[in-house]
Amino acid sequence: LDVAGMLRAAVDAARVDEAMGRIGVAQARQEAALAVRLACSDLTRAEALRDVARAARESAAQRLRDADASQRAGVAPRLDVLRARTALADAEQRLLQAESGVLLARAALSTRLVLPIGSAPEIAAPELAARSLPDEAELQRLARERRPELLLRRLSVRAAELGIRLSRRSLA
């Protein structure tokens, strides 16, 4: 009976389990960071859409004022005023939708950050700096080395190998 070999295999298996746990924690951290980054991006996009909708509403309101003044001066038909009112109503509806989108994006970000209900996180607009990425082959290599799910699979294979070794030693 090879007690020393069995103990060594058991210690190796425990080390593999510990490494798998650490990698699982790292994977959860990466997933949480990605979720927050995506929520920030969604909020930034929603705020930009709201700003565009506000500008469109202001433009539509100006067109209505112009059409109304032209119609009162007798140089434009009433149909122009009706079209401008319709365009303004449409722009106001889009603004309401955009404002709702901002509220929903803020709520999603609050959820991702585990903030109290009703809190309104504010984020600064990101700097859009041009960055060059490494070539695709290098990115693929880095992903194969660092992705937690791939590391977990490798450790699972190692744990299975240790289990086989431990089983063989216990039978000897």
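Only a predicted model underlies this, so the values are computations on that prediction, with no experimental measurement involved.

For this particular structure, what's the right way to read the overall build of the protein chain?
Assigned secondary structure in the protein chain consists of four helices and zero strands. The order of α-helices and β-strands along the protein chain, N terminus first, is α-α-α-α. For the protein chain, the C-alpha radius of gyration of 30 Å lies well beyond 16 Å, the compact-globule estimate for 172 residues. Counting over 172 residues, the protein chain shows a buried share of 20%. If you take every contact in the protein chain between residues at least 6 apart in sequence, the share linking residues at least 24 apart comes to 75%. On the protein chain, roughly 12400 Å² of surface is accessible, and the fraction owed to carbon and sulfur atoms is 59%. Separation between the mean location of the 29 positive side-chain charges and that of the 23 negative ones in the protein chain comes to 3 Å.

Looking at this model, I keep getting lost on the confidence of the model for the protein chain. Mind explaining?
The predicted coordinates of low-pLDDT regions are not to be read in fine detail. For the protein chain, the mean per-residue pLDDT works out to 85, and 92% of the residues sit at or above 70. Across the protein chain, the secondary-structure element scoring lowest on mean pLDDT is helix 3 (residues 136-146), at 76, and the one scoring highest is helix 2 (residues 78-112), at 95.

So what exactly am I meant to see when it comes to the pattern of salt bridges here?
Counted by the stated rule, this structure contains nine salt bridges. Ionic pairing is found between Arg 45 and Asp 42, a salt bridge with its closest N-O pair at 3.2 Å. Here the residue Arg 45 and the residue Asp 42 both occupy positions in helix 1 (residues 3-73), the gap between them amounting to three residues, near one helical turn. Judged by its relative accessible area of 48%, Arg 45 falls in the partly exposed class.

Is there a simple way to explain helix 2 in this structure?
Residues spaced three or four apart along an α-helix face the same direction, because each turn holds 3.6 residues. Its 35 residues give helix 2 an end-to-end C-alpha distance of 51 Å, which sits within 8% of 51 Å, the value for a rise of 1.5 Å per residue. By the burial criterion, the buried members of helix 2 are Val 81, Ala 84, Leu 88, Ala 91, Leu 95, Ala 98, Val 102, Ala 105, Arg 106, Leu 109 and Ser 110.

It is not clear to me how the nonpolar core should be interpreted in this structure. Could you clarify?
Side chains that are nonpolar tend, in soluble globular proteins, to be buried together. The biggest cluster of nonpolar side chains holds eight residues, and these are Ala 60, Ala 61, Leu 64, Ala 67, Val 81, Ala 84, Leu 88 and Ala 91. Elements that contribute at least two residues to this core include exactly helix 1 and helix 2. In this structure, Ala 67 is in contact with Asp 80, Val 81 and Ala 84, ignoring residues within four places of it in sequence. With six residues, the next largest nonpolar core counts Leu 43, Ala 46, Val 102 and Ala 105 among its residues.

Just to check I follow, could you spell out the packing of helix 1 against helix 2 for this structure?
Between helix 1 and helix 2, whose axes approach to 7 Å, the crossing angle comes to 165°. Taken as axis vectors, helix 1 and helix 2 run roughly antiparallel relative to one another. The crossing of helix 1 and helix 2 is left-handed. Considered class by class, the residues forming the contact of helix 1 with helix 2 number 23 nonpolar, two polar and 15 charged.

Help me out: how do you make sense of the side chain of Arg 106 in this one?
In this fold, Arg 106 is placed in helix 2. In terms of polar contacts, Arg 106 uses its side chain to reach the side chain of Glu 47, at 2.9 Å.

About the criteria used
Residues numbered from 1 in each chain as written. Predicted model: local features only at pLDDT ≥ 70, side-chain atom pairs only at ≥ 80, totals over all residues. Heavy atoms only, no water. Helix = DSSP H or I, 4+ residues; strand = E, 2+ residues; numbered from the N terminus. Rg over C-alpha atoms; globule rule 2.2 N^0.38 Å. Buried < 20%, exposed > 50% of the residue type's maximum accessible area, 1.4 Å probe, protein only. Contact = heavy atoms within 4.5 Å. Areas by Shrake-Rupley, 256 points an atom, 1.4 Å probe, with all protein chains shown as cover. Lys, Arg positive; Asp, Glu negative; His and termini not counted. Charge placed at Lys NZ, Arg CZ, Asp CG, Glu CD. pLDDT = per-residue confidence, 0-100. Salt bridge = Lys/Arg side-chain N within 4 Å of Asp/Glu carboxyl O. Expected span 1.5 Å × (residues − 1). Core = buried A, V, L, I, M, F, W, Y, C linked by side-chain atoms within 4.5 Å. Axes fitted to C-alpha atoms, helices over the stretch in contact; angles between N-to-C directions. Parallel < 35°, antiparallel > 145°, perpendicular 65-115°, else oblique. Left-handed = near helix turned anticlockwise from the far one by under 90°. Nonpolar A, V, L, I, M, F, W, Y, C, P; charged D, E, K, R; others polar. Polar contact = N/O pair within 3.5 Å; in protein donor to acceptor, adjacent residues only side chain to side chain.

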